[in-house]
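Single-letter residue listing:
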Amino acid sequence: MSGPFYVTTPIYYVNSVPHLGTFYTTVVADALSRYHRARAGRDGSGAETFFLTGLDEHGQRIERLAKDKGIPPQQFCDDVATKFQAMWQRASITNDDFIRTTQPRHRASVEQMWGRIAASGDLYTADYEGLYCDGCEEWKTDDDVVVEGDVKICPTHRRPVDKVKEKNHFFRLSAYQQRLLDFYAAHPDFVRPESRLNEVISFVSGGLRDLSVSRVSVKWGLPVPSDPGHTIYVWIDALTNYVTALGGPEAVATQPRAQALWGASHHLIAKDILRFHAVYWPAMLMAAGLPPPSQIFCHGYLTVKGQKISKSLPATKVDPNTIADELGVDPLRYFVLREYTFGADGDFTYETLFQRYESDLGNDLGNLLNRTISLARKLPGSPALPAFARPVTGPRADDDATLEAAASTAVEEASAAWEDFAPSRALEATWASIRKANAYIDRTAPWKLAKEGAFADLAHVISQTCEVIRRAALLVAPAMPTAAQEILRQIGREGDAGGWPTVAFTSWPGGTLAEPKPVFPRFEPDRQQALIATWSGVGPETAPASTANAGAGKPAQDRSTDSSSAGAAKTGAAAGETPSEIAIEDFAKIDLRAAKVLAAEKVPKTEKLLKLTLDLGSEQRTVVSGIAAAYPPEQMVGKTVIYLANLKPAKIRGVVSQGMILAAGDADVLAMSALDKDVPPGTKIR
């Protein structure tokens, strides 16, 4: 890594308070920022990292909401802004600026942007008559809406669109069609993932219509400088925030710092606002004589019970604050970064949150820390653990080499993943070294060394493990800054916080160890179920004793053996037997889908089980499958498999498996069921 790094979240619309979706995007941006700051310090470059988030406070919808509450729009915005700022402070978000579109500095920036676009000659006035959705803040064509009876409905917000007729200012977007296509061709990483860039190219290639960029009927917004009876289109207003924080368009055009940061700008957005960022925004910047941003990373939706998060659907409400009240913020930060592949859709369940909490945080990282410190305190001179130079040879040379190689690989792979905007992959690389350290302790049996009084050997093993823990704490710090700080405190290395480890494994530098204290306290199953019931709005008195996932609402079967969740030829009938006949109506009950494997990992402490994350197009599902002996995890990623989507969920080794993938044969002769052509994830199989 070299040079500056500028990352932005969308500026969130103040029609709602923070929820899981806004939490997710903001935590990703924060983790990326923390990584880049740590690497700049590690590399000695001192390159600036700048992280921006904020609020979009203008528009017709805000006018209406404030009026409904009987308060001025500015007061409405101020009240919501307080909630966002409190949430981000609690979530340990380290944004360098918090932009609000009602700030005077932003008004000045938007006026500069309007003036620069006007100077290009690509603004003109004309009559406009058409449809407008104040939820999308976007003009609609008849092809963009659905008709229910005599009413035209926005399919996104499920409410009627307005029919508008007025004289507007227009931006000559059509003049930028070829310039945009040429730009995409020259910058193939401008939009990620690639599938989203292909969507943008297809949209632009289909032809661009000029864009109405002012409204007469909307008053809560910024006035057009030369025509104050008109309000500037809310998307020119909102998108300009990204340069406002750098001093405005003139600063980006002339000042070295602003130019350097803008050249390293990365917009993190959800797919519903891709068109505005990847088409309208670069065209406006071109008209204003400014370069487009460096990159737009478009992530999918987080759904709850398969439904998009919406304030109008109480069942989809996941409040980060209520979860943090019990688990703390860091476990939720870790969960959203580790569980979801950035760029794809993901479905949230409380059960999966607890599964990650128990297996990754409690059993892997927490257990490693606790038992290492407990054993270290058996050494003479404890709690001080002096610096330890590793011997080149010895009875544990092979174990040491395996441990050190895993720790070095973790740094290398985690760094590459953070650079590639892949938090989940970065954390999986980190956890590989944590699991290796637990295996190292199991093999070297330091409790036996302590019992035998072999303190020199015990110091060697503990020092090796402490160094892995120290490095792991630095690697997890972008995701869990508070937990990382506590881990470093317990091993006496608080001063290392904010750093980044070298790839080459180094000797334990020494430290005074604190009393071991659980960083991730255990939650008993009954307590978990009570919390899930409360968070889901069910209430503990009506909650089932066990649930497979929040969407199913049914008791889960707990499979504790390494049984396969991949359907083999013998499933339902022994091999060679003729299964009983069924009617076509019975087959129609089976929901088979094409699914793409996004991620695969071994289920801890099992030999046969893989945990697969499947893309179904509209959502993600988790499946546990007994195919590890035949298919290594890395071989499964990218495969399109046949997925039984409506199988009753089951808990397998602590992981909720939401269905089953199909395969032929058994563990000795296993072949994945496949399709002979690529089909989109989620395609129904008949």
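Per chain, the residues get numbers from 1 upward, laid out in the order the sequence is written. Local features are withheld for residues below a pLDDT of 70 in this predicted model, meaning they are given only at 70 or higher, and side-chain atom pairs are given and counted only at 80 or more; totals for whole chains, interfaces and linings count all residues. Excluding hydrogens and water, the side-chain values take into account all heavy atoms of the structure.

Further remarks concern the overall build of the protein. Helix and strand assignments come from DSSP, with helices taken as H or I runs of at least 4 residues and strands as E runs of at least 2, each series counted from the N terminus. Looking only at helices and strands, the protein has 22 helices and 32 strands in total. Relative accessibility decides the category of a residue: with a 1.4 Å probe and only protein chains considered, values under 20% of the type maximum give buried, values over 50% give exposed, and everything between is partly exposed. Counting every position in the protein, which comprises 686 residues, the buried fraction comes to 54%. Using the Shrake-Rupley algorithm and a 1.4 Å probe, accessible areas are obtained, with residue cover drawn only from the displayed protein chains. Surface accessibility of the protein: about 28600 Å² in total, with carbon and sulfur atoms responsible for 52%.

An order of β6-β7-β8 is seen for the three strands of this open sheet, with the pairing classed as antiparallel. The open sheet has two edge strands with one neighbour each: β6 (146-148) and β8 (159-160). A strand pair is defined by DSSP finding two or more bridges across the two strands.

Right, let's talk about the packing of aromatic side chains for a bit. The relation between two aromatic rings is expressed through the spacing of the ring centres and the mutual angle of the planes. Side-chain rings of Phe, Tyr and Trp, where Trp is taken by its six-membered ring, are said to pair if the distance between their centres is within 6.5 Å; with planes under 30 degrees apart they count as stacked, over 60 as edge-to-face, and otherwise as tilted. Applying the stated criterion across every chain, the model contains 30 aromatic pairs. Seen from their ring centres, F5 and F421 are 6.2 Å apart, and the 50° between their planes marks the pair as tilted. Placement of the pair is F5 in strand β1 (residues 5-13) and F421 in the loop between α15 (397-419) and α16 (423-444), with a sequence separation of 416 residues. Judged by its relative accessible area of 5%, F421 falls in the buried class. The side chain of R257 reaches across the aromatic face of F50, ending 5.4 Å from its centre. By definition here, charges over rings are those cases where NZ of Lys or CZ of Arg is within 6 Å of the ring centre and within 35 degrees of the ring normal.

The strand order across the open sheet formed by six strands is β3-β2-β1-β15-β16-β10, and the pairing between neighbours is parallel. Every other strand in the sheet has two partners, leaving β3 (97-100) and β10 (191-192) as the edge strands with one partner each. Here β10 runs beside strand β16 (residues 295-299); their pairing, made up of two bridges, is parallel. Its bridge partner lying in β16, V191 is registered against I296. Against the sheet, helix α1 (residues 20-43) makes contact with β1, β2 (49-56), β15 (265-270) and β16, and its axis sits at roughly 165° relative to β1, the strand it touches most. Along the sheet, helix α3 (residues 73-90) contacts β1, β2 and β3; its crossing angle with β3, the most-contacted strand, is approximately 160°. Should any heavy atoms of two residues lie within 4.5 Å, those residues are considered in contact. Axis lines are fitted through C-alpha atoms, for helices just across the contact stretch, and the angle between N-to-C directions can take any value from 0 to 180 degrees.

Our focus in this paragraph is the nonpolar core. Formed by 109 residues in total, the largest nonpolar core has its most connected members in L268, I323, V336, F348 and M480. Of the residues forming this core, the biggest block, twelve residues, is contributed by helix α18 (residues 455-476). With residues near it in sequence (within four places) discarded, L268 still touches V7, T8, T9, P10, T25, V28, A29, L32, F297, F342 and F421. Listed in part, the 62 residues of the second largest apolar core include I99, M113, V204 and A258. As used in this record, nonpolar core signifies buried Ala, Val, Leu, Ile, Met, Phe, Trp, Tyr and Cys residues forming a set joined through side-chain atoms within 4.5 Å.

This brings us to the pattern of salt bridges. When a carboxyl oxygen of Asp or Glu lies within 4 Å of a side-chain nitrogen of Lys or Arg, that pair is called a salt bridge. Tallying each qualifying case throughout the model produces 40 salt bridges. Salt-bridge contacts for D457 lead to R396; the nearest nitrogen and oxygen are separated by 3.7 Å. In this pair, D457 is assigned in helix α18 and R396 in the loop between β20 (384-385) and α15, connecting sequence segments 61 residues apart. Looking at R396, the relative accessible area reads 14%, which means it is buried.

Pairing geometry for strand β12 (residues 214-215) and strand β14 (residues 227-232), over two bridges, is antiparallel. Each bridged residue has a counterpart across the sheet, and for S214 the counterpart in β14 is I232. Sheet topology note: the strand β13 (residues 223-224)/β14 ladder contains two bridges and is antiparallel. Looking across to β14, one finds that V224 is bridged to D227. From the end of β13 to the start of β14, which pair antiparallel, there are two residues.

Let us now look at unusual backbone geometry. Residue P193 follows R192 across a cis peptide bond; omega there is -5°. Positionally, P193 belongs in the loop between β10 and α6 (194-205). Of the consecutive residues S382 and P383, the connecting peptide bond is found in the cis state with omega at 15°. Assignment of secondary structure puts P383 in the loop between α14 (350-376) and β20.

Here we come to the pairing of strand β25 (residues 610-615). The buried fraction of β25 amounts to six of the six residues, a majority that puts the element mostly inside the structure. Neither face of β25 is open: one carries L610, L612 and L614, the other K611, T613 and D615, and all of them are buried. Pairing of strand β24 (residues 592-602) with β25 involves six bridges; the strand directions are antiparallel. Bridging from a neighbouring strand, V597 pairs with L614 of β25. Where β25 and strand β26 (residues 620-625) come together, six bridges link them in antiparallel fashion. Across the sheet, residue L610 finds its bridge partner in β26, namely S625.

As a further point, take the side chain of D237. Here D237 lies in helix α7 (residues 234-239). No salt bridge is formed by the buried D237; its nearest oppositely charged neighbour, R107, is found at 9.7 Å. We call two N or O atoms a polar contact when they sit within 3.5 Å, provided that within protein one can donate a hydrogen and the other can accept it, with sequence-adjacent residues counted only if both atoms are side-chain atoms. A distance of 2.6 Å separates the side chain of D237 from the side chain of H58, its partner in a polar contact. Here D237 is in contact with H58, T101, H106, V110, L222 and I232, once residues within four sequence places are set aside. We count Lys and Arg on the positive side and Asp and Glu on the negative side, and we leave His and both chain ends out.

This paragraph deals with the confidence of the model for the protein. Per-residue pLDDT for the protein averages 87, and the proportion of residues at 70 or more is 87%. Low pLDDT, under 50, characterises residues 540-578; the stretch is placed with 80 contacts to residues that sit more than four places away or in other chains. Each residue gets a pLDDT score, which is the predictor's confidence in that residue and runs from 0 to 100.

The relative placement of two packed helices comes down to the angle between their axes together with the axis-to-axis distance. Relative to each other, helix α5 (residues 177-186) and helix α11 (residues 274-287) sit at 105°, their axes nearing to 10 Å. Considering their axes alone, α5 and α11 lie roughly perpendicular with respect to each other. Of the residues in α11, those touching α5 at R179, L180, F183 and Y184 are A278, V279, P282, A283 and M286. Any residue that is not Ala, Val, Leu, Ile, Met, Phe, Trp, Tyr, Cys, Pro, Asp, Glu, Lys or Arg is counted as polar, Gly included; the first ten are nonpolar and the last four charged. The class makeup of the residues in the contact of α5 with α11 is eight nonpolar, no polar and one charged. Here the angle decides the label: under 35 degrees means roughly parallel, over 145 means roughly antiparallel, 65 to 115 means roughly perpendicular, and every other value means oblique.

With that settled, consider α1. Structural remark: α-helix, 3.6 residues per turn; residues separated by three or four positions point the same way. Here the expected length of a helix is defined as 1.5 Å per residue gap, with one fewer gap than residues. Here α1 spans 34 Å end to end across 24 residues, near enough to the 34 Å set by a 1.5 Å rise per residue. G44 occupies a position one or two residues after α1 and carries a positive phi of about 75°.

With respect to the secondary-structure elements, T94 resides in the loop between α3 and β3. Exposure remark for T94: the relative accessible area of 26% places this residue in the partly exposed category. Discounting residues that sit within four places of it in the chain, T94 has contacts with D30, R34, R37 and F51.

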